[in-house]
Amino acid sequence: MTETRRKRGAPGEKGAFEILRRRFAEPASEEITPKEVFMASKATRRALLGGIGAASVAALMPGEAAAGAKLGAVPSCWSTDERPNSFEDITSYNNFYEFGTGKGDPKRHAARFSPRPWSVEIGGLVERPGTLSLDDILSGVRLEERIYRLRCVEAWSMVVPWVGFPLKTLLDRVGVRSGARHVAFETVYRPEEMPGQRRRILDWPYREGLRLDEAMHPLTILAVGVYDEPLPNQCGAPIRLVVPWKYGFKSIKSIVRITLTDRQPPTTWSSASPREYGYYANVNPEVDHPRWSQATERRIGDGFFARRRPTLMFNGYADQVADLYRGMDLRKFF
Ligand SMILES: Nc1nc2c(c(=O)[nH]1)N[C@H]1C(S)=C(S)[C@@H](COP(=O)(O)O)O[C@H]1N2
Ligand SMILES: [Mo]
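Conventions we followed
- Residues numbered from 1 in each chain as written.
- Chains lettered and ligands numbered in written order.
- Predicted model: local features only at pLDDT ≥ 70, side-chain atom pairs only at ≥ 80, totals over all residues.
- Heavy atoms only, no water.
- Helix = DSSP H or I, 4+ residues; strand = E, 2+ residues; numbered from the N terminus.
- Buried < 20%, exposed > 50% of the residue type's maximum accessible area, 1.4 Å probe, protein only.
- Lys, Arg positive; Asp, Glu negative; His and termini not counted.
- Salt bridge = Lys/Arg side-chain N within 4 Å of Asp/Glu carboxyl O.
- Polar contact = N/O pair within 3.5 Å; in protein donor to acceptor, adjacent residues only side chain to side chain.
- Contact = heavy atoms within 4.5 Å.
- Pairing = 2+ DSSP bridges.
- Near = heavy atom within 4 Å.
- Areas by Shrake-Rupley, 256 points an atom, 1.4 Å probe, with all protein chains shown as cover.
- Nonpolar A, V, L, I, M, F, W, Y, C, P; charged D, E, K, R; others polar.
- Axes fitted to C-alpha atoms, helices over the stretch in contact; angles between N-to-C directions.

### Digging into unusual backbone geometry
Glycine aside, residues mostly have negative phi, and peptide bonds are mostly found in the trans state.
Piece 1. Cis geometry marks the peptide bond from R116 to P117; its omega dihedral reads -10°.
Piece 2. Tracing the backbone shows P117 in the loop between helix 6 (105-109) and strand 2 (119-124).
Piece 3. Omega for the bond connecting A237 with P238 falls within 30 degrees of zero, at -5°, which places this linkage in the cis form.
Piece 4. Among the structural elements, P238 can be located in the loop between strand 9 (229-230) and strand 10 (240-242).
Piece 5. Here the phi dihedral of N315 falls at roughly 55°; this positive angle occurs in a residue that is not glycine.

Below is the structure:
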């Protein structure tokens, strides 16, 4: 689409599901015991039976296997036609405090994080609570490319070509019970692998939440990839939320728990500093942060001397989401 997009592999050449499974479902090669090799997936077993040596079996393992593999996500009518940021920008300028507070810390420290195997516990007010592996979550799911603007509360922005599927798909599958009003999310807690969690920067684990109608909105997705590749660790591997009309901190990374509740759940940033970070956190150029204006933003990649861009109501998604907040005072529910 634009020169910043990376070349796609032939879609379906290797199923997206298979690629993600290899990257996130199997244990890392160094964790493999003989029993696990015996119990290994079809692909690995095929490699073993095919007489491939240990070194190449390791090369088939997640991470290595996934590098450069294309998911073949299908385009979506919800995508912006704005030019996406480069893969380099998207994977080297991050907020992921579990790995440190500097923008380069996540890339630097996330290499030691192992997002496999992975499962998500879904509970609370649902018909079928339980623990779903990433395989379970992705089975039967159609992966879409969603090119969205991302606006951080710190007044910088990017455009990211996510790969994901509507959160609604998953919630419908587990069955939302009638009393549910909100959805709470939790990030993995693994201080051994996440150096930021060894310091009390935030009240770990990172928590977020959405009102149920926000969670069911077609723009709200669970992302498993970026630029048609499985999510790099620093972007929230293996599965993270993306809510494009809200400040970036709502889009919680590396999710291990989803709980349907009858009341607004406590969230990390709104608990840490309620005056600065609300539960709603809708992008709004008219409601300033107590310490800075939210009227404009710096687009990453624009260059240091470029003009700041005006921030748009609901990050430019007002036509799609303004109805959710009809009659609400957006200064009070910020
Ligand atoms: N678990 C967790 N999720 C998180 C964060 C974090 O520190 N920890 N940072 C948030 C913030 S402030 C932003 S702007 C986005 C950044 O996403 P990106 O690094 O993929 O651009 O992730 C959000 N999700
Ligand atoms: Mo952010």
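### A word on the side chain of K253
Piece 1. Positionally, K253 belongs in the loop between strand 10 and strand 11 (255-261).
Piece 2. Buried within the structure, K253 lacks any salt-bridge partner; its nearest side chain of opposite charge belongs to E98, at an N-O separation of 7.5 Å.
Piece 3. A polar contact of 3.0 Å, which involves the side chain of K253, links it to the backbone oxygen of Q234.
Piece 4. Once residues lying within four places of it in the same chain are set aside, the contact partners of K253 are N94, N95, F96, T187, Q234, C235, G236, I239 and R240.

### Focus on the pairing of strand 7 (residues 207-211)
Piece 1. Of all 5 residues in strand 7, 4 are buried; the element is thus mostly enclosed.
Piece 2. Where strand 6 (residues 182-187) lies against strand 7, 5 bridges are found, and the strand directions are antiparallel. When the sheet's bridge partners are listed, H182 is paired in strand 7 with R211.

### Some details on the pattern of salt bridges
Piece 1. Summed over all chains, the structure comprises 23 salt bridges.
Piece 2. The partner of R309 in a salt bridge is D302, with the nearest N and O atoms 2.9 Å apart.
Piece 3. The exposure class of R309 is partly exposed, given its relative accessible area of 29%.
Piece 4. Judged by its relative accessible area of 30%, D302 falls in the partly exposed class.

### Quick notes on the site of ligand 1
Piece 1. As a structural note, the neighbourhood of ligand 1 is formed by 16 residues, with N94, Y97, E98, T187 and K253 the closest of them.
Piece 2. Contact distances for ligand 1 include 2.9 Å between a nitrogen atom and a side-chain N or O atom of T187.
Piece 3. Between ligand 1 and K253, the relevant distance is 2.7 Å, taken from an oxygen atom to a side-chain nitrogen or oxygen of the residue.
Piece 4. Compared with its free state, where it exposes 530 Å², ligand 1 has 98% of that area covered by protein.
Piece 5. Its residues assigned to classes, the shell around ligand 1 comprises 8 nonpolar, 5 polar and 3 charged.

### A few points about the side chain of N315
Piece 1. Looking at where N315 falls in the secondary structure, it is placed in the loop between strand 13 (309-310) and helix 11 (318-321).
Piece 2. Among the residues examined, N315 registers a relative accessible area of 2% and is labelled buried.
Piece 3. When near neighbours in sequence (up to four residues on either side) are disregarded, N315 contacts R149, L150, R151, P244, W245 and V283.

### Digging into the environment of R142
Piece 1. Relative to the helices and strands, R142 is located in the loop between helix 7 (134-138) and strand 4 (144-151).
Piece 2. As for R142 and T169, which are separated by 27 residues in sequence, their C-alpha atoms are 9.8 Å apart.
Piece 3. Once residues within four sequence positions are removed from consideration, R142 is found in contact with V74, G164 and F165.

### Description of the sheet that holds strand 7
Piece 1. Ordered in space as 3-2-11-6-7, the 5 strands form an open sheet in which the pairing is mixed. Every interior strand has two partners, whereas the edge strands, strand 3 (130-133) and strand 7, have only one. Strand-to-strand, the axes of this sheet are offset by a mean angle of 20°, without reference to chain direction.

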